[in-house]
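# Descriptive structure summary
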Amino acid sequence: MVVGVGEAMTTTGHADALDDDASTLDPNVADSDAPEGLNSRVMASHLTKVPSSSISKQDPKAQDPDSMEVDPEKIPIVFFGRLEMRKGICTFVEALKQLDPELRNTLHIHFVGKVVQLHKSRMGAMNSDQYVQEELNPDACPIEYTLYPEFFSRDAIRFIRRLHQPIVCLTSHQENFPNSALEMGQLPTPLVVSDTGGFRETLKLVQRTSGVYWFKPADSETLALMLSKAIAAYPETVEVVGREALVQVNKDLFARKISFIENAFQRTPTHVIDKPRVTIGITCYNLGRYLVDCLVSVEAQTYSNLEVIVLDDASTEPETISYIEQAKSLFPNFKFIRADANLGLGNARNALIEMAAGNYFLPLDADNRLMPFSVEKYVEAACSSGASVIVSSMLHFGKADGVYNFKYTSVAQLLQSNEIGDACSLFKVEFLKRFRHPARKDGKTHDWCILAAAIATGEPIVHYPYPLYEYRMRHDSMIQDAVWSKERYYLRQYLAEIPPEKWTKRQIYMLMTALQQLQARELDINTSSDIRRELQETRKNLRQMRAKVKTLKSKLSLASDQLEDVNNSKFWKLRNAWFTLCTRLGLKTTQ
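Residues numbered from 1 in each chain as written. Predicted model: local features only at pLDDT ≥ 70, side-chain atom pairs only at ≥ 80, totals over all residues. Heavy atoms only, no water.

### Describing the nonpolar core
Worth spelling out the cut-off: We call a set of buried residues a nonpolar core when its members are Ala, Val, Leu, Ile, Met, Phe, Trp, Tyr or Cys and they connect through side-chain atoms within 4.5 Å of each other. The rule is simple: take the accessible area with a 1.4 Å probe, protein chains only, and divide by the maximum for that residue type; under 20% is buried, over 50% is exposed, in between is partly exposed. The criterion used for residue contact is that any of the two residues' heavy atoms lie within 4.5 Å.
Of all hydrophobic cores here, the largest spans 40 residues; its most connected members are Ile 280, Ile 282, Leu 295, Leu 370, Val 375 and Leu 426. Leaving out residues up to four positions away in the same chain, Ile 282 has contacts with Leu 291, Cys 294, Leu 295, Val 298, Val 308, Ile 309, Val 310, Leu 311, Leu 352, Leu 364 and Ala 366. Counting 36 residues, the second largest nonpolar core, distinct from the first, contains Cys 141, Leu 147, Val 192 and Ala 224.

Here it is as structure tokens:
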């Protein structure tokens, strides 16, 4: 289970189309990309027709909105949104199949959105790309279409603006505050829109009433009807508000967003009941050059009820030993312990957890740093949610910088990579005593196992929406030489030790789904292999047949030449003359 903290403080990116952050409203969208005086139909005429199949996701040029090729003779119909069921992809495709065949021949469908896995019993392990290919194949529903799954939001909008008077379809079954309506509502293009929560309110913000065709949510018949009406009115003049009005709308939305953030902060508890004790456990092995920097960040914490334990895991570098001795005098309130022999990261953290007097434990590597308010925010999130694990985004520094955002995922996805959190998270001590860090010394990703165990057993996890620590990016980090196939093997071993009755039904279901998808993929691969073998055999037979035909043609040509020689011979000419004379005299040719 994942609990959102401060959800009102976060802003979504492109809620409907493509997985990136997008500005809520872009006043420049109303401006034309074409040079002044260049008609959009003329601009479109420079583009060429594409085949009715999806564009390769791996081709960078194919996903450049400025180099897209479209058919200027076709009416462009745009499905704008992530290609998933709740965004109405199935409803839209069914509506296309209900259109008159002659009408379909005048259209080119542009699917602008990310391809995702579809979850429906009859679809098995099918993703939305495969679904569209199956449903819109030339035998079932012949229609030209193209998929654009790799656009960022601004690229998608720029591409739609380049189309000649497209008809844009917003087909979600359910919405709250659809950014797609804001983005498309300011374009002078007809809209076919699902009459569900959020769309009317959002289009009202941009004062958009012209050229809007409403249909019943999740109803392919009314969608097909409204789409037919929009096509019948094509090309349609659509009125939109001017740039100044859009700028004002943008300012109003920004003010509302700030108000939500302020209200969220006001709702956040200003104090934590009983202020539970937190133990910060710092492991250090030959990282003394970074240790003081790390400890300074710990000492600067705004949270007071802390226990800090520094474990020197039998460092061998004299420099590190010297830095640790200096740190003891600089931070007298911290506890310093040296292991007699190297324990390895997993055992070192387990030792710190056994020594911890706190209710919560925060692991910290000696080369990383905490934000001054880190522990305070971690504890507030833990106390308000009751979660066993609190993770946050991390801020990179060192050889590279930037923010890395984690996300909730399933065990099936975690078996590929750790996308949920880092070791520098807040854990309940009793949770870490149930799920100890792996003891192996050659392991590089102990936190991966702990977080996967939390997911598998349904422990509540909170994601704090902002970075609470700084992660140092180093060329010599131990993670750099990790062998990921080995780490995944260790992770599977760790999860296998969790009793089956401790697993949640959801995670078991997700694993079974992943297995089913792998089996279906294997079946597809086997089927493809069979088809390739049959194709090779057919080609072989075809070559043999061609050789036989060539031989027969040669024999036929020879026979034809021989026949011609006979016809031209003196004997054959006399014979023909004899038969002609007999016929005229009425004699039988046998005489």
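### A closer look at a positive patch on the surface
The line we're drawing: Here the term patch refers to residues with relative accessible area over 30% and no salt bridge, with like charges joined within 9 Å and nonpolar side chains (Val, Leu, Ile, Met, Phe, Trp, Tyr) within 5 Å. To be clear on the numbers: accessible area is Shrake-Rupley with a 1.4 Å probe, and residue cover counts the displayed protein chains and nothing else. Salt bridge, as used here, is a side-chain nitrogen of Lys or Arg placed within 4 Å of a carboxyl oxygen of Asp or Glu. Charged residues are defined narrowly, with Lys and Arg counted positive, Asp and Glu counted negative, and His plus the chain ends left uncounted. By convention, the charge on Lys lies at NZ, on Arg at CZ, on Asp at CG and on Glu at CD. Secondary structure follows DSSP: runs of H or I at least 4 residues long count as helices, runs of E at least 2 residues long count as strands, and numbering of each begins at the N terminus.
On the surface, a cluster of positive charge is contributed by Arg 539, Lys 540, Arg 543 and Arg 546. Here Arg 539 lies in helix α18 (residues 505–567). With relative accessibility at 48%, the residue Arg 539 sits in the partly exposed group.

### Things to note about the environment of Lys 428
Relative to the helices and strands, Lys 428 resides in strand β15 (residues 426–428). Note on Lys 428: relative accessible area 21%, which makes it partly exposed. Residues Lys 428 and Val 389, spaced 39 residues apart in sequence, show a C-alpha to C-alpha distance of 6.7 Å. Residues within four places of Lys 428 in sequence aside, it is in contact with Asn 359, Tyr 360, Gly 386, Ala 387 and Ser 388.

### Side note on the side chain of His 108
Inclusion rule: Side-chain atoms alone can form a polar contact between residues adjacent in sequence; in general such a contact is a pair of N or O atoms within 3.5 Å, and within protein one must be able to donate a hydrogen while the other accepts it.
By the secondary structure assignment, His 108 is in strand β3 (residues 107–112). In terms of polar contacts, His 108 uses its side chain to reach the side chain of Thr 146, at 2.8 Å.

### Digging into the packing of helix α2 (residues 89–98) against helix α4 (residues 128–135)
Stated precisely, the cut-off is as follows: Under this scheme, a helix contributes an axis fitted over its contacting stretch, all axes are lines through C-alpha atoms, and angles between N-to-C directions fall in the 0 to 180 degree range. Any angle from 65 to 115 degrees is called roughly perpendicular, while one under 35 is roughly parallel, one over 145 is roughly antiparallel, and all others are oblique. By definition, turning the near helix anticlockwise from the far helix through less than a right angle yields a left-handed crossing, and turning it clockwise yields a right-handed one.
Following both chains from N to C, one finds α2 and α4 inclined at 15 degrees, their axes separated by 11 Å at the closest point. Judged by the inter-axis angle, α2 sits roughly parallel to α4. Classified by chirality, the crossing of α4 by α2 is right-handed. Of the residues in α4, those in contact with Ile 89, Cys 90, Val 93, Glu 94 and Lys 97 of α2 are Tyr 131, Val 132 and Glu 135.

### Describing the sheet that holds strand β6 (residues 191–194)
As a reminder, the rule being used: Paired strands are those between which DSSP finds at least two bridges.
Within the open sheet, the six strands sit side by side as β4-β3-β2-β5-β6-β7. Their pairing is parallel. Bordering the open sheet on either side are β4 (144–148) and β7 (212–215), each of which pairs with just one other strand. Going from strand to strand, the sheet's axes swing by 20 degrees on average, the running direction of each strand aside. Here strand β5 (residues 167–170) runs beside β6; their pairing, made up of three bridges, is parallel. Its bridge partner lying in β6, Cys 169 is registered against Val 192.

### Some points on the pairing of β7
Cut-off, in case you're wondering: The path from the first strand over the helix to the second decides the hand: if it runs clockwise while the strands point away from the viewer, the crossover is right-handed.
In the sheet, β6 pairs with β7 via four bridges, with the strands oriented parallel. Its bridge partner being in β7, Val 192 is matched across the sheet by Tyr 213. Once you follow β6 into helix α7 (residues 199–205) and on to β7, the crossover reads as right-handed.

### Section: the pattern of salt bridges
Taken as a whole, this structure holds 17 salt bridges when the rule is applied. In this structure, Glu 325 and Lys 328 form a salt bridge, with 3.3 Å as the shortest nitrogen-oxygen distance. Residue Glu 325 and its partner Lys 328 are both found in helix α11 (residues 318–330); the two are separated by three residues, about one turn of the helix. What makes Lys 328 partly exposed here is its relative accessible area of 36%. For Arg 369, the salt bridge is made with Glu 470, and the minimal N-O distance between the two is 2.9 Å. Within this pair, whereas Arg 369 is found in strand β12 (residues 369–370), its partner Glu 470 is found in strand β16 (residues 461–473), the two being separated by 101 residues in sequence. Given the relative accessible area of 16%, Glu 470 is considered buried.

### A look at a nonpolar patch on the surface
Together, Trp 578, Leu 581, Leu 585 and Leu 587 give the surface a local cluster of nonpolar side chains, amounting to about 400 Å² of exposed area. Structurally, the position occupied by Trp 578 is in helix α19 (residues 570–585).

### Looking at the packing of aromatic side chains
What counts here: Only Phe, Tyr and Trp rings take part, Trp by its six-membered ring, and two of them pair if their centres are within 6.5 Å. Stacked means planes under 30 degrees apart, edge-to-face means over 60, and tilted covers everything else.
All told, the structure shown has eleven aromatic pairs when counted by the stated rule. Summarising the aromatic geometry, the rings of Phe 331 and Phe 334 are spaced 5.4 Å apart at their centres and angled 0 degrees between planes, so their arrangement reads as stacked. Each member of the pair Phe 331 and Phe 334 is classed as buried. With a centroid separation of 6.4 Å and 70 degrees between ring planes, the pair formed by Tyr 464 and Tyr 466 is classed as edge-to-face. Take Tyr 464: its relative accessible area is 10%, and that puts it in the buried class. Members of the aromatic cluster, joined through ring pairs, are Phe 79, Phe 92, Phe 111 and Tyr 145.

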